[in-house]
Amino acid sequence: MSPASLSVISDAVTVRVPAKVNLHLGVGPLRDDGYHDLVTVYQALSLYDDVTVARAAGLSVEMTRDSGRGADVAEVPLDDDNLAVRAVRALGEYAGRDPKVAIEIVKRIPVAGGMAGGSADAAGALVALAALWKLDIPRADLLDIAAGLGSDVPFSVQGGTALGTGRGEQLMPMLARGELHWVLAFARDGLSTPSVFRELDRLRADRDLTPDPDELRPDALVQALAAGDPHVIAPLLHNDLQPAALSLQPGLRRTLRAGIDAGALGGIVSGSGPTCMFLCADADAAVAVAAELSGAGVARSVRTASGPVSGATRQVPSA
Ligand code: C5P
């Protein structure tokens, strides 16, 4: 290996981080701290942001959109509100070091799409900086810092398929047999997560509905995932936030219907939306559903993805 490539390896680290979907999202009542207790089943999908952290004179962040896909990066703040910036500051505080690094994000996960795109960038920045600084950080501490940055950030670090409780930050890995094949329909406009939770509270108050804790539990889905048959899993997909997302973007009903008409086994809104996710029988079926859904003109763009995949993973540079 040449000295030049060695210096590249020691001065920059790239981490690849997956998008997430919620196969089940049960939302409890609003808590005093402004959050809701969740019972959720997360799955990490093969749609990734790449986060590179390099030594620099000061702290900066830059974001580029991978050609033709996903995210409108113009909507992402590039100041101290940026979640990756907050992540390197948090790790700097933990390690007692000044985070003088340039962060570069290649974005493919939709912005404000309900797929934890911002959380992925925070998770990538944490894992990349820990590697750059060669920190021997216990996994539990890393996940604690991740949870302080956002409810979905620990799952973006961990990946796979997992049961999330609390705000979504308390994770238990789950057994999921085989590979599931998904079609994702990205919407033209994003939805802000807090506004979707607020809309759910409003809808529940209007209808005098109190969530039943027993209905939050995804027991049947947990069993179906262990067995791995997408035909059994599909009717068990569930999202309590879906009525709120549909109330804010009624056009998503057409998208959901079009996915089923195109041959998907089941489809729901992903997380707080507006991305719609469709489970298909196999990889070929997913390609066919994606093609038909693209033609239906009910989404900004459509793509296939599979899961589960690993969480934030360091990329080994090619020599
Ligand atoms: O944790 P995170 O910063 O991603 O959450 C963003 C917003 O989503 C919160 O401020 C809250 O309004 C809402 N939220 C919630 N209950 C959760 C997670 C998020 O109400 N369990």
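Throughout what follows, the structure given in this document is the object of discussion. (Residues numbered from 1 in each chain as written. Predicted model: local features only at pLDDT ≥ 70, side-chain atom pairs only at ≥ 80, totals over all residues. Heavy atoms only, no water.)

Looking at soluble globular proteins, one finds that nonpolar side chains tend to be buried together. Grouped together as the largest cluster of nonpolar side chains are 64 residues, with contacts concentrated most on Leu-23, Ile-103, Met-115, Leu-184 and Leu-225. It is helix H3 (residues 117-132) that contributes the most residues to this core, 10 residues altogether. With near-sequence residues (within four places) excluded, Met-115 lies in contact with Ala-19, Lys-20, Val-21, Leu-45, Leu-47, Ile-109, Pro-110, Leu-184, Phe-186, Ser-270 and Thr-275. Formed by 31 residues, the second largest nonpolar core is a distinct cluster that contains Val-196, Phe-197, Leu-246 and Ala-290. (Core = buried A, V, L, I, M, F, W, Y, C linked by side-chain atoms within 4.5 Å. Buried < 20%, exposed > 50% of the residue type's maximum accessible area, 1.4 Å probe, protein only. Helix = DSSP H or I, 4+ residues; strand = E, 2+ residues; numbered from the N terminus. Contact = heavy atoms within 4.5 Å.)

What follows concerns the sheet that holds strand S10 (residues 276-280). Judged by pairing direction, the sheet is antiparallel, and its 4 strands sit side by side in the order S9-S10-S7-S11 without closing on themselves. This sheet does not close on itself; its edge strands, each paired only once, are strand S9 (266-269) and strand S11 (301-307). Within the sheet, the average angular offset between the axes of one strand and its neighbour, ignoring direction, is 25 degrees. Where S9 and S10 come together, 4 bridges link them in antiparallel fashion. Looking at the pairing, Gly-267 lines up with Phe-278 of S10. (Pairing = 2+ DSSP bridges. Axes fitted to C-alpha atoms, helices over the stretch in contact; angles between N-to-C directions.)

What follows deals with the environment of Ala-262. Within the secondary structure, Ala-262 sits in the loop between helix H10 (252-261) and S9. C-alpha separation for the pair Ala-262 and Ala-291, spaced 29 residues apart in sequence, amounts to 8.8 Å. Those residues in contact with Ala-262 that sit more than four places away from it in its chain are Val-289 and Glu-292.

Now for the pattern of salt bridges. Proximity of charged atoms lets side chains of opposite charge pair with each other. Considering all chains together, one arrives at 12 salt bridges under this definition. Ionic pairing is found between Asp-50 and Arg-16, a salt bridge with its closest N-O pair at 2.8 Å. Here the residue Asp-50 occupies a position in strand S2 (residues 36-55), and Arg-16 occupies one in strand S1 (residues 12-30), the gap between them amounting to 34 residues. Among the residues examined, Arg-16 registers a relative accessible area of 28% and is labelled partly exposed. A salt bridge links Asp-49 to Lys-107; the shortest N-O distance between them is 2.2 Å. Taken together, the residues span a long stretch of sequence, with Asp-49 in strand S2 and Lys-107 in strand S4 (residues 101-107) at a distance of 58 residues. For the pair Asp-49 and Lys-107, a shared accessibility class is recorded, and that class is buried. (Salt bridge = Lys/Arg side-chain N within 4 Å of Asp/Glu carboxyl O.)

At a minimum axis distance of 9 Å, the contact between H10 and helix H11 (residues 283-296) shows a crossing angle of 140 degrees. The angle between H10 and H11 falls in the class oblique. Of the two possible hands of crossing, H10 and H11 adopt the one that is right-handed. Residues Arg-254, Thr-255, Ala-258, Gly-259 and Asp-261 of H10 pack against Val-289, Glu-292, Leu-293 and Ala-296 of H11. (Parallel < 35°, antiparallel > 145°, perpendicular 65-115°, else oblique. Left-handed = near helix turned anticlockwise from the far one by under 90°.)

Our focus in this paragraph is the pairing of strand S7 (residues 180-186). Among the 7 residues of S7, 7 are classified as buried, and the element is accordingly described as predominantly covered. Because side chains alternate across S7, one face comprises the buried residues Leu-180, Trp-182, Leu-184 and Phe-186, and the other comprises His-181, Val-183 and Ala-185, equally buried.

Here the focus is the site of the ligand. Taken together, Gly-34, Tyr-35, His-36, Leu-38, Gly-150, Ser-151, Arg-167, Thr-193, Pro-194 and Phe-197 make up the full set of residues adjacent to the ligand. At a separation of 2.6 Å, an oxygen atom of the ligand approaches a polar side-chain atom of His-36. Arg-167 places a polar main-chain atom, nitrogen or oxygen, 3.0 Å from a nitrogen atom of the ligand. In the complex, 76% of the free accessible area of the ligand, which totals 450 Å², lies under the protein chains. The set of elements that each furnish at least two residues to the shell around the ligand consists of S2 and helix H6 (193-206). For the shell around the ligand, the element with the most residues is H6, which contributes 3 residues. Of the residues assigned to the shell around the ligand, the class counts are 4 nonpolar, 5 polar and 1 charged. (Near = heavy atom within 4 Å. Polar contact = N/O pair within 3.5 Å; in protein donor to acceptor, adjacent residues only side chain to side chain. Areas by Shrake-Rupley, 256 points an atom, 1.4 Å probe, with all protein chains shown as cover. Nonpolar A, V, L, I, M, F, W, Y, C, P; charged D, E, K, R; others polar.)

Our focus in this paragraph is helix H7 (residues 219-227). Note that an α-helix has 3.6 residues per turn; residues three or four places apart therefore point the same way. Along H7, the residues that are buried comprise Leu-221, Ala-224 and Leu-225. Relative to the axis of H7, the buried residues are bounded by an arc of 100 degrees and lie together on one face. In this structure, H7 carries Gln-223 and Ala-227 as exposed residues pointing more than 90 degrees from its buried face. Backbone geometry just downstream of H7 places Gly-228 in the positive-phi region, at approximately 90 degrees. (Arc of directions from axis to C-beta.)

Read these as spatial facts, not as claims about activity.
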